[in-house]
Amino acid sequence: MRMLALILSIVFLSLAGGAVRPASADDQTILRATLANGLQVLIVRNTLAPAVSTEVSYLVGSGNDPAEFPGMAHAQEHMMFRGTPEVSTDQLNTIATALGGDYNAFTRPTVTQFLFTVPASNLNAVLHIESDRMRNISDAQTEWADERGAIEQEVAMDESQPGADFFNDVRAKVYAGTPYARDPVGTKASFDRLTGDELKRFHDTWYAPNNAFLVIAGDVDPQQALAQVRTLFESIPRRNVPAQQTYHLRPVPRTVIRRTTTLPYPLAVVGYVLPGSNSKDYVTSFVLQSLLNSERGALQGLTTRGLAIGSGFQAEPVLPESQLCYAVAALAPGQDPWAMTERLEAIMARYAREGVPPDLFEATKRRAIADQQLSRNSITELATDWSDVLAVDREPSIEREIQLLQQVKLGDVDRLARTYFNPARAIVGALTPTYRGGAAAPEKPTENPLPPRAAGNVALPAWAQGLISNIELPQPAVKPTVTRLSNGIRLIVQPETISHSVFVFGGVDTQPTLQEPQGETGVASVLDELFSYGTATLSRDQFQRELDKIAATESGGARFSLQLTSDAFDRGVQLLAENELNPRFDAASFHAAQRQAAGNAAAALSGSHVIALHQLNQRLLPSGDPALRQATPQSIAGLTLERVRTYYAKTFRPDLTTIVVIGEVTPQHAREAIERAFGVWAANGQPPDLTYPAVPLNQPSQIKITPQTMQQDAVTLAEVLAITRDDPSRYALQLGDAVLGGGAAGPLTSRLFRDLRMNTGLVYMVDTNLSISKTRSRFQINYASSPGNAAEARKLVDRDLKQMQETPVPQAELSLTKASLLRRMIVDGSAEAAIAKGLLERSIQGTPLEQPAIAAQRIKATTPEEIRDAFRHWIRPDGFVELIEGP
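Residues numbered from 1 in each chain as written. Predicted model: local features only at pLDDT ≥ 70, side-chain atom pairs only at ≥ 80, totals over all residues. Heavy atoms only, no water.

Q: I keep staring at the overall build of the chain and nothing clicks. Help me out?
A: Counting its regular elements, the chain contains 33 helices and 23 strands. Taken against the 2.2 N^0.38 rule, which gives 29 Å for 887 residues, the C-alpha radius of gyration of the chain at 27 Å falls within 12% of a compact globule. On the principal axes, the C-alpha backbone points of the chain span a range of 70 × 65 × 60 Å. In the chain, which comprises 887 residues, the proportion classed as buried is 58%. (Helix = DSSP H or I, 4+ residues; strand = E, 2+ residues; numbered from the N terminus. Rg over C-alpha atoms; globule rule 2.2 N^0.38 Å. Buried < 20%, exposed > 50% of the residue type's maximum accessible area, 1.4 Å probe, protein only.)

Structure representation (structure tokens):
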């Protein structure tokens, strides 16, 4: 749940019909309006990048599913991408792909949301799409017949998730007698009965302008954007929308569930029902939940004391009436989850009996207030946060956000703990794993060819025709200052003034599988855990208290990070450096970190998917390859503190370190602070060679793994490629990968998505992954289908691969993919964290920081023949290792 949506739920404002006004007298960059038809609009100007996010939220969700059709809201969400009387499915998919950004949809209990993030210059196209499908939808039976196959694959994926049965049973018990008790994803039986006509009636009932909110956030002029909204949306007629029901939940008596699970690790759970968004205690509940999940809280302490491999307090999506929350602890295989439930209940009983620590309460409030700056650092998150505020919390005042938090008193939080952490109302779960692995078996899929379907050209509406033909190279929006400190640290600073906050992302170039000494596999994992135990001079609790004083979030290790308000930057950098340069190498911390790392390794090695991927790598790589090294509980148990300390001294070097600073800070200030804190760090000797050896091409083979819960065949086709990062044909191969499977362009008009999902409904998802590095590369195709469809899906994959090698990509198809990839580069710069992480990874990999601009030029110049030749030269359709995880 988004921060804003959680904490702003009890203040409601009303807007006069047709009124337009800024959100406040002091902030002219936020504009609110209510159209004559009831559509409520909020526009937020944010100039972080030349991008814009739109989110349409309809006040209908899985809680409105008819009893006879569970999953109907979810099905209608899918069908919103299946065309309208004015825009066909092919046209909609083509337009969405050409826009090149993010597009997605989410069905929640009380709301269904549709999100686009695109270049700001393309806002009008997105508004055309959203207004068109708000006005009317096709819901054609033929389209539903195709989509039903895909959504039923999603149902099978959902039902196959390890541990899902327990949480579904808890929801059914807590929400008995209400729609919330039903599976929000839906069921195969329900979808088999459902028709296009019934879906159309559902759309016409709920998808109305007077039952929706439209949020626009990004680099737009609010008044101009509102004029576009009026032109496209105001003529949509309002409808009579049914009143939403409010449900009165019956108290659930203490329930104990002890059962086996297909999770690879034991799980202890204690559930409680807390106030919902309609309650006056909702903001107080948010503060309490945040406090319980604090790094200094007793629940997190179970992990840092080595008693669990993961622990904390988790919340399900909030409902108007309640919110289901859990104290949870994941354990190492072999541990007793029932004994851990007793620990969890004891912790919660202590909070209820003694109250929460006052200093932790104040620190939690400070952090929540500081975090409100962070949504401004991502255009997509800004739109999503505002959408949750409006649609879930129903028009709270953003101006009162900090005031609402400050009004929460310690006594309020203690009262909630006493009231709701009642053992007589607890739902206790102790889940013990019963993993049953599958064996490898040479099983060839049955051939059942389908007729070929040509891609063809799609004629677009007049308002969308320029999306493919009028595409310019993206202009670099990031111009960082790059310096090298005297000890070798590469410092990259990108000033941004969109909020009063700063992000720091850093990385040390390490390769554990190359650098871990023989007999010490897993030493990097123990070291990574140690960074959470404080510093040489500050215990874990003391270190967290110092971070809490400045409301900072910090993470140490080979990849380290810091986020905080700009006024706390210097102190935050000092704490970050203390953690990185002086980890807490004492016996107690070491043994706790060792137990946690060993537990994580045991849980991972018990998971069927990890086993499957390791078998896949064994077929792809030669025997003895360093990438095949795998830490085990036994190898970790054999380590000593001195070995961990020695590994740290050899591998953590300033001359292999990059630090990226982005936010409200000048390059000079950033350098002074980093140099002051990290300047004493020194390297010894020459840096190591961290280049993996080249590998030969793999032989084709097949692996079959049979997990317990899988209802589908999850198929991975993988092969080693001989191409390397320096080969100029890699751009043609990357562009061809986008044509075939979507790549960074997204899947909607990729050949595999069209043939396996849209035209046949054989799969729910299909994508490709092309990884090209300095010395070794890999190509991978992933899809999931019912076992009966797997052979047909593989046949289409083989057909599309061969076509890529034999026939140049048609110019229209190639232009669409180029437009998508080039616009995607603009969207990638719409979040400060994404900008910083991109700069960091390019620096560590040794590629130019301006690599996206270089790639854009090469992609735009690539020809169809170059793509065909690259696929013909590098891709081996008969060279795949086929991994099947399924029944």
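Q: Would you mind going over the packing of aromatic side chains with me for this structure?
A: Using the criterion set out here, one finds 21 aromatic pairs in the structure. Between Y103 and F116, the aromatic rings sit 6.1 Å apart at their centres with planes inclined by 40°, giving tilted as the arrangement. A residue pair is termed long-range when its members are at least 10 positions apart, and Y103 in strand β5 (residues 102-107) and F116 in strand β6 (residues 112-119) qualify at 13 residues. There is no split in this pair, since Y103 and F116 are both buried. Ring-pair connections join several aromatic residues into one group, and the members of that group are Y58, F81, F114 and Y207. (Phe/Tyr/Trp six-rings, centres within 6.5 Å; stacked < 30°, edge-to-face > 60°.)

Q: Is there a simple way to explain the packing of helix α10 (residues 282-292) against helix α13 (residues 358-370) in this structure?
A: The relative placement of two packed helices comes down to the angle between their axes together with the axis-to-axis distance. At a minimum axis separation of 9 Å, α10 and α13 run at an interaxial angle of 110°. One way to sum up the angle between α10 and α13 is to call them roughly perpendicular. Of the residues in α13, those touching α10 at F286, V287, S290 and L291 are L360, F361, T364, K365 and A368. Looking at side-chain class alone, the contact of α10 with α13 contains six nonpolar, two polar and one charged residues. (Axes fitted to C-alpha atoms, helices over the stretch in contact; angles between N-to-C directions. Parallel < 35°, antiparallel > 145°, perpendicular 65-115°, else oblique. Contact = heavy atoms within 4.5 Å. Nonpolar A, V, L, I, M, F, W, Y, C, P; charged D, E, K, R; others polar.)

Q: What is the right way to look at the side chain of E143 in this model?
A: In this fold, E143 is placed in helix α5 (residues 141-160). There is a polar contact of 3.0 Å between the side chain of E143 and the side chain of T89. The residues contacting E143, other than those within four sequence positions of it, are M79, R82 and T89. (Polar contact = N/O pair within 3.5 Å; in protein donor to acceptor, adjacent residues only side chain to side chain.)

Q: Would you mind showing me how to read the environment of V493 here?
A: You can see V493 is positioned in strand β14 (residues 490-495). When the C-alpha atoms of V493 and L547 are compared, they prove to be 23 Å apart, with 54 residues separating the residues in sequence.

Q: Help me understand helix α4 (residues 123-135), please; the structure alone is not making it clear to me.
A: In this model, α4 (13 residues) spans 18 Å end to end at C-alpha, consistent with the 18 Å of a helix rising 1.5 Å per residue. Counting buried residues in α4 gives 11 out of 13 residues, a clear majority hidden from the surface. Those residues of α4 not exposed but buried are L123, A125, V126, L127, H128, I129, E130, S131, D132, R133 and M134. (Expected span 1.5 Å × (residues − 1).)

Q: Which parts of the structure should I look at to understand the pattern of salt bridges?
A: Pairs can form between side chains of opposite charge once their charged atoms are near each other. Summed over all chains, the structure comprises 41 salt bridges. With a closest N to O distance of 2.8 Å, R108 and D388 form a salt bridge. A residue pair is termed long-range when its members are at least 10 positions apart, and R108 in the loop between β5 and β6 and D388 in helix α14 (residues 379-391) qualify at 280 residues. Note on R108: relative accessible area 17%, which makes it buried. Its salt-bridge partner being D570, residue R676 comes within 3.0 Å of it at the nearest N-O pair. Of this pair, R676 sits in helix α26 (residues 667-678) while D570 sits in helix α21 (residues 569-581), and the two are 106 residues apart along the sequence. Since its relative accessible area comes to 54%, R676 is described here as exposed. Given the relative accessible area of 33%, D570 is considered partly exposed. (Salt bridge = Lys/Arg side-chain N within 4 Å of Asp/Glu carboxyl O.)

Q: How should I be thinking about helix α20 (residues 540-549) in this particular structure?
A: Residues spaced three or four apart along an α-helix face the same direction, because each turn holds 3.6 residues. Those residues of α20 lying buried are R540, F543, Q544, E546, L547 and D548. In this structure, the buried residues of α20 make contact with α11 (298-304), α13, β16 (553-555) and α21. A positive backbone phi angle near 55° is found at A551, which sits one or two residues after α20.

Q: How should the sheet that holds strand β18 (residues 657-663) be read in this particular structure?
A: Whether parallel or antiparallel, the strands of a sheet pair through hydrogen bonds between backbone atoms. Across the sheet, which stays open at both edges, the six strands sit in the order β13-β14-β18-β15-β17-β16 with mixed pairing between neighbours. A strand with exactly one partner marks an edge of an open sheet, and here the two such strands are β13 (481-484) and β16. Across the sheet, the mean angle separating the axes of adjacent strands is 10° when strand polarity is ignored. As defined by bridge partners, β16 adjoins strand β17 (residues 559-565) across three bridges and the pair is classed as antiparallel. (Pairing = 2+ DSSP bridges.)

Q: Whenever I open this one, the environment of R645 confuses me. Can you help?
A: In this structure, R645 sits in helix α25 (residues 641-651). Each C-alpha atom of the pair R645 and A67 lies 61 Å from the other, and the pair is 578 residues apart in sequence.

Q: Sorry, what's going on with the nonpolar core here?
A: One broad trend across soluble globular proteins is that nonpolar side chains are buried collectively. With 61 residues, the main nonpolar core has Y58, L99, L214, I216 and F233 as its most contacted residues. Residue contributions to this core peak at six residues, all from α4. What L99 contacts, discounting residues up to four positions off in sequence, is F116, V118, P119, N122, A125, V126, I129, L467 and R823. Counting residues in hydrophobic clusters, the runner-up holds 53 residues, among them L485, A568, A598 and W681. (Core = buried A, V, L, I, M, F, W, Y, C linked by side-chain atoms within 4.5 Å.)

Q: Teacher, can you tell me more about the confidence of the model for the chain here?
A: Residues at a pLDDT of 70 or more form 92% of the chain, whose mean pLDDT is 88. When mean pLDDT is compared element by element in the chain, α21 scores highest at 98, while helix α1 (residues 3-7) scores lowest at 29. Residue range residues 1-28 is modelled with pLDDT below 50. Its contacts to residues more than four positions away, or to other chains, number 88 contacts. A low-confidence stretch, residues 436-456 stays under pLDDT 50, and its non-local contacts, those more than four residues away or across chains, total 41 contacts. (pLDDT = per-residue confidence, 0-100.)

Q: Looking at this structure, I do not really get the packing of helix α2 (residues 72-79) against α5. What am I missing?
A: Between α2 and α5, whose axes approach to 10 Å, the crossing angle comes to 120°. Classed by the angle they form, the pair α2 and α5 counts as oblique. Judged by the twist between their axes, the crossing of α2 over α5 is right-handed. Residues H74, A75, H78 and M79 of α2 touch α5, and the partners they reach there are E143, W144, E147, I151 and E154. (Left-handed = near helix turned anticlockwise from the far one by under 90°.)

Q: I tried to follow the pairing of β13 on my own but got confused; where do I start?
A: Regular strands show a simple pattern: their side chains alternate between the two faces of the sheet. When β13 meets β14, the two strands line up antiparallel, connected through four bridges. Opposite T481, over in β14, you have V493 as the bridge partner. Where β13 folds back onto β14 in an antiparallel hairpin, the turn is made up of five residues, including G488, whose phi is positive at roughly 105°.

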